[in-house]
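Listed below are the residues making up each chain.
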Amino acid sequence: MNHGIKLSQHIFWIGVNDRRTHLFENLWPLDKGISYNAYLIRDKKNVLIDTVEIGHVESYFDAIDEILESGENVDYLVINHMEPDHSGALKLITQRYPDITLVGNKNTFKFVRGFFGDFKRILEVVEGDTLDLGDHSLTFVMTPMLHWPETMMTLETKNQILFTGDVFGSFGTLDGVLFDDEVNLDDWEPEQRRYYSNIVGKYVKQTQRALEKLKTVNVRMFAPTHGLIWRQHPDHIVNLYDRWSRLDGDPGVVIAYGSMYGRTERMAEYIARELILAGIRHVKVYDASKTHLSYILSDIWKYRGLIIGSPAYNNRLFPTIEALTIKLEQLHIKNRLLGLFGTATWSGGGVKNLIRFAETTGLEMVHPPHEAKYRPLEKDYEICRDIAGRMATRVKNDE
Ligand code: FEO
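Residues numbered from 1 in each chain as written. Predicted model: local features only at pLDDT ≥ 70, side-chain atom pairs only at ≥ 80, totals over all residues. Heavy atoms only, no water.

Moving on, we come to empty space enclosed by the protein. What the rule picks out here adds up to one cavity of 30 Å³ or more. For the largest cavity, the calculated volume is near 30 Å³. Considering the residues around the largest cavity, the lining is formed by D50, T51, L77, V78, I79, H81, H86, S87 and L90. Elements with a minimum of two residues in the lining of the largest cavity: β9 (76-78) and α2 (84-87). Within the lining of the largest cavity, the residues separate by chemical class into four nonpolar, four polar and one charged. (1 Å grid on protein atoms, 1.4 Å probe; cavity = no way out; pocket = protein on both sides within 12 Å on 5 of 7 lines; lining within 4 Å. Points joined across faces, edges and corners; volume = space filled by probe spheres on them. Helix = DSSP H or I, 4+ residues; strand = E, 2+ residues; numbered from the N terminus. Nonpolar A, V, L, I, M, F, W, Y, C, P; charged D, E, K, R; others polar.)

The following block contains the structure:
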């Protein structure tokens, strides 16, 4: 995409689109790619806000060169977040501009030293500090754990542009667009929610704290490190973040199951149909062996009801369902209505471990769990119907 797109007269987007990497953090699918957004403020003192993933450094340098005059210096690099998708070019920047000063907080510089060693020119800032650039000035807002302990946001006060780091970011490349008013926002929501649930979802309390803090800051535009820049509809993304971090659920149900030979799957299919017959209009059924955890988590973040099914496998959960439950425990999932089912052939272990999951997370079960022996029979389907019926009633009552 063209570099040097302006957020204001002297503030430029110098980010890159990555359509090559298959997995973000070598874990989360990037079938729609991702952008690494970085910014340049041109003033008496020139400032970079973050860098990009190291594989894209040439494009990042070219973007800087297209904006600055030949020989012009960069005075500061503000490091809002040290994850390497943003700090990747840090060392190369300091080699390119030997007089540059790195700007970050105490934790930032612990990470800088850990990853790259010592730098002579650093400026350590705390909440509310001001950095005067000439015509512009910057202040700093600490937002720890969004998404690492050192994370902060930087406010440019003249145009009231807040550089938010990962917060308000998204998977998906910027295909010729940059701003929220250049897209259909509904098209972007799934990748924004998948990004939030996969990457920042563990830190819902910190998200709420940050949203409270932002109420006290005058902001006209959010400029995150991934995805769209919010200049027309900042409230849109704030409302979504508020909803996702409170784990408010839409009226709908996710059924995630594992199945080796189709018997647990048949129970999942039966429950799905019964939910529809009971009036639920959003039912998402996922075979956890087929659909990457990333997408299942995203829909779990969207809908109020969650039904999980597993056969026994070596006296435990089916591995892909085990991975899902472990991830949900790590994310401290809450506010979901839970249904559990499965199958066993000799000593079981699937549903038993789903019950352990329910106890660990404290999620409310709408019906006692049910385990079919060998294969589901009519008596088992009747219980599946009851699970679906109770789930549907509760989901509809919560609307
Ligand atoms: Fe986009 Fe937490 O890095």
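Before going further, it helps to spend a moment on the side chain of S87. Structurally, S87 can be placed in helix α2. We classify S87 as buried; its relative accessible area is 3%. When neighbours within four sequence positions are excluded, S87 is seen to be in contact with T51, V52, H81, M82 and F116. (Buried < 20%, exposed > 50% of the residue type's maximum accessible area, 1.4 Å probe, protein only. Contact = heavy atoms within 4.5 Å.)

Moving on to the domain arrangement of the protein chain. Looking at the protein chain, the domain boundaries give domain 1 (5-246) and domain 2 (250-394). Between domain 1 and domain 2, the contact holds 17 residues from the first and 15 residues from the second. A buried area of about 1,400 Å², summed over both sides, lies between domain 1 and domain 2, and 51% of it is on carbon and sulfur atoms. Looking only at domain 1, the three residues that lose the most surface to domain 2 are R193, S197 and K202, adding up to 36% of its buried area. On inspection of domain 1 and its partner domain 2, the count reaches two salt bridges. Taken together, the connections running from domain 1 to domain 2 amount to 10 residue pairs in polar contact (both at pLDDT 80 or more). Among the elements of the structure, β5 (28-29), α5 (185-200) and α7 (234-246) are those that each provide at least two residues to the side of domain 1 that touches domain 2. A total of seven residues in the side of domain 1 that touches domain 2 trace back to one element, the largest contributor, which is α5. A class-by-class count of the residues in the side of domain 1 that touches domain 2 yields seven nonpolar, three polar and seven charged. (Domains from an automatic or database assignment. Buried area = accessible area lost by both parts, 1.4 Å probe. Salt bridge = Lys/Arg side-chain N within 4 Å of Asp/Glu carboxyl O. Polar contact = N/O pair within 3.5 Å; in protein donor to acceptor, adjacent residues only side chain to side chain.)

Next up on the list: the environment of N17. With respect to the secondary-structure elements, N17 resides in strand β3 (residues 16-18). Along the backbone, N17 and T173 are 156 residues apart, and their C-alpha atoms lie at a distance of 5.5 Å. A polar contact of 2.9 Å, which involves the side chain of N17, links it to the backbone nitrogen of L174.

Tallied over the entire structure, the rule returns 26 salt bridges. Note that R246 is salt-bridged to D242, the shortest N-O span being 2.9 Å. Of the two residues, R246 and D242 are both situated in helix α7; the distance of four residues between them amounts to about one turn of the helix. Judged by relative accessible area, R246 falls into the partly exposed class, the value being 34%. Take D242: its relative accessible area is 23%, and that puts it in the partly exposed class.

It is worth spelling out the nonpolar core at this point. It is characteristic of soluble globular proteins that their nonpolar side chains tend to be buried jointly. Among the nonpolar cores identified, the biggest contains 108 residues, and L7, I14, Y60 and I64 are the most heavily contacted of them. Counting the residues that make up this core, at least three belong to each of domain 1 (5-246) and domain 2 (250-394). Once residues within four sequence positions are removed from consideration, Y60 is found in contact with I14, V16, A38, L48, D50, T51, V52, L77, A89 and I93. With 21 residues, the next largest nonpolar core counts L275, I280, I387 and A392 among its residues. (Core = buried A, V, L, I, M, F, W, Y, C linked by side-chain atoms within 4.5 Å.)

With that out of the way, let us pick up the sheet that holds strand β13 (residues 137-142). Read from one edge to the other, the open sheet built from five strands follows the order β12-β13-β14-β15-β16, with strand pairing classed as mixed. Of all the strands in the sheet, the pair left with one neighbour each is β12 (130-132) and β16 (221-224). Neighbour-to-neighbour, the strand axes of this sheet turn through a mean angle of 25 degrees, independent of strand direction. With five bridges connecting them, β13 and strand β14 (residues 152-156) associate as antiparallel partners. (Pairing = 2+ DSSP bridges. Axes fitted to C-alpha atoms, helices over the stretch in contact; angles between N-to-C directions.)

Taken as a whole, the largest pocket spans an internal volume of roughly 310 Å³. Contributing to the lining of the largest pocket are 18 residues, with M260, P311, A312, T343 and T345 lying nearest its centre. Of all the elements in the fold, those that place two or more residues in the lining of the largest pocket are α8 (263-277), β19 (303-313) and β21 (337-344). A per-class count over the lining of the largest pocket returns eight nonpolar, nine polar and one charged. By volume, the second largest pocket amounts to about 200 Å³. Contributing to the lining of the second largest pocket are Q208, L211, E212, L214, K215, V217, V219, F222, P234, D235, V238 and D242. Looking at the lining of the second largest pocket, the elements that each hand over two or more residues are α6 (204-214) and α7. Classifying every residue of the lining of the second largest pocket by side-chain character gives seven nonpolar, one polar and four charged.

Per the stated rule, a full pass over the model turns up 15 aromatic pairs. With 5.0 Å between their ring centres and 55 degrees between their planes, Y39 and F163 make a pair best called tilted. Residue Y39 is found in strand β7 (residues 39-41), and its partner F163 is found in strand β15 (residues 161-165); the two are separated by 124 residues along the sequence. We note that Y39, like F163, is buried. Relative to Y195, the ring of F171 lies with its centre 5.2 Å away and its plane at 85 degrees, an arrangement referred to as edge-to-face. Remark: Y195 occurs in helix α5 and F171 occurs in the loop between β15 and α5; sequence separation between them is 24 residues. (Phe/Tyr/Trp six-rings, centres within 6.5 Å; stacked < 30°, edge-to-face > 60°.)

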